[in-house]
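Next come the chains, spelled out residue by residue.
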Amino acid sequence: GFPLAGVKVTVLNHPEFGRTHSRDDGMFDLAVNGGSLLTVRYQKDGFLPVQRHVDAPWQDYAWLPDVVMIPLDSQTTPIDLTAPTTQVAQGSLVTDMDGDRRATLLFPPGTTATVGGQSLSDLTVRATEYTVGSEGPSTMPAELPPTSGYTYAVELSADEAGPSLAMVQFNQPIPLYVENFLDFPVGGIVPVGYYDRRQGQWIPSENGRIIQLLSVTDGLADLDVDGTGVAD
């Protein structure tokens, strides 16, 4: 809730514009060539990076919206990719007026990971939710596309990817589970996308699904995936 000084401010794909840093009051000034839509990047060590778009006018100035920068989740989970069993990584428990939830990632055996073409055998996984409390909309990594509603967003990261949060590539899908804290109907789809900081845009992904855990039999979950109330 306080002004953040020393935030590095640049424009995506325009190194010729140079850079500036926010002052003690959180404000900054940056001169650019006007007449186009630009993507402004905010970066500071210890905080998740943020991007915002601005239509820069000719011979004039434009104000960007206030942004809130948040630190990475302090909870980490070590993942050994050589392990023969499924491993679970979880973020911190989050609680606000919408309810309680915790991002849970499942790493199946046989999973491999690379960053920048380099193979990794171990990961230090974090899951940092953006959409917490009244300031949630201002913490988002970027503005949402016009066809998407503000619901839930989480930064899934590995410390091994470095402070720039380089993209980690896996050889198979890594399931993500979040409690149904918004009480969506069982069987419904969950539109999913991710923000690509290199391109400065949201990328659509496969839909998720609302499921319900009915019971546990011999250590295995009995799931309702279509809303009938019967295990599928």
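The rules behind the values
- Residues numbered from 1 in each chain as written.
- Predicted model: local features only at pLDDT ≥ 70, side-chain atom pairs only at ≥ 80, totals over all residues.
- Heavy atoms only, no water.
- Core = buried A, V, L, I, M, F, W, Y, C linked by side-chain atoms within 4.5 Å.
- Buried < 20%, exposed > 50% of the residue type's maximum accessible area, 1.4 Å probe, protein only.
- Helix = DSSP H or I, 4+ residues; strand = E, 2+ residues; numbered from the N terminus.
- Contact = heavy atoms within 4.5 Å.
- Pairing = 2+ DSSP bridges.
- Axes fitted to C-alpha atoms, helices over the stretch in contact; angles between N-to-C directions.
- Phe/Tyr/Trp six-rings, centres within 6.5 Å; stacked < 30°, edge-to-face > 60°.
- Lys NZ or Arg CZ within 6 Å of the ring centre and 35° of its normal.

What to know about the nonpolar core
Ile-79, Phe-107, Leu-123 and Val-125 are the most contacted members of the largest nonpolar core, which has 14 residues in total. Every element with two or more residues in this core is listed here: β9 (104-107), β10 (113-115) and β12 (122-129). The contacts of Val-125, once residues within four sequence positions are left out, are Gln-75, Thr-76, Thr-77, Ile-79, Ala-89, Leu-105, Phe-107 and Ser-157. Ranked by size, the runner-up nonpolar core spans 12 residues in total, among them Val-11, Phe-28, Leu-38 and Val-50.

Some points on the sheet that holds β10
Taken together, 3 strands build an open sheet; the order of strands is β11-β10-β14 and the sheet is antiparallel. Strands at the two margins of the open sheet, each flanked by one partner only, are β11 (118-120) and β14 (168-170). Ignoring which end each strand starts from, the neighbouring axes of this sheet average 35° apart.

A closer look at the packing of aromatic side chains
In the structure shown here, the tally under the stated rule is 4 aromatic pairs. Where Phe-107 meets Phe-170, the ring centres are 6.1 Å apart and the plane angle is 65°; that geometry is what we call edge-to-face. In this pair, Phe-107 sits in strand β9 while Phe-170 sits in strand β14, placing the two residues 63 residues apart along the sequence. On the basis of relative accessible area, Phe-107 is assigned to the buried category, the value being 3%. Consider the rings of Tyr-152 and Phe-181, whose centres lie 5.9 Å apart with planes at 65°: the pair is edge-to-face. With Tyr-152 in the loop between α1 (136-139) and β13 (154-158) and Phe-181 in the loop between β15 (176-177) and β16 (189-190), this residue pair connects regions lying 29 residues apart in the sequence. We note Arg-101 situated over the ring of Phe-181; from NZ or CZ to the ring centre the distance is 4.2 Å.

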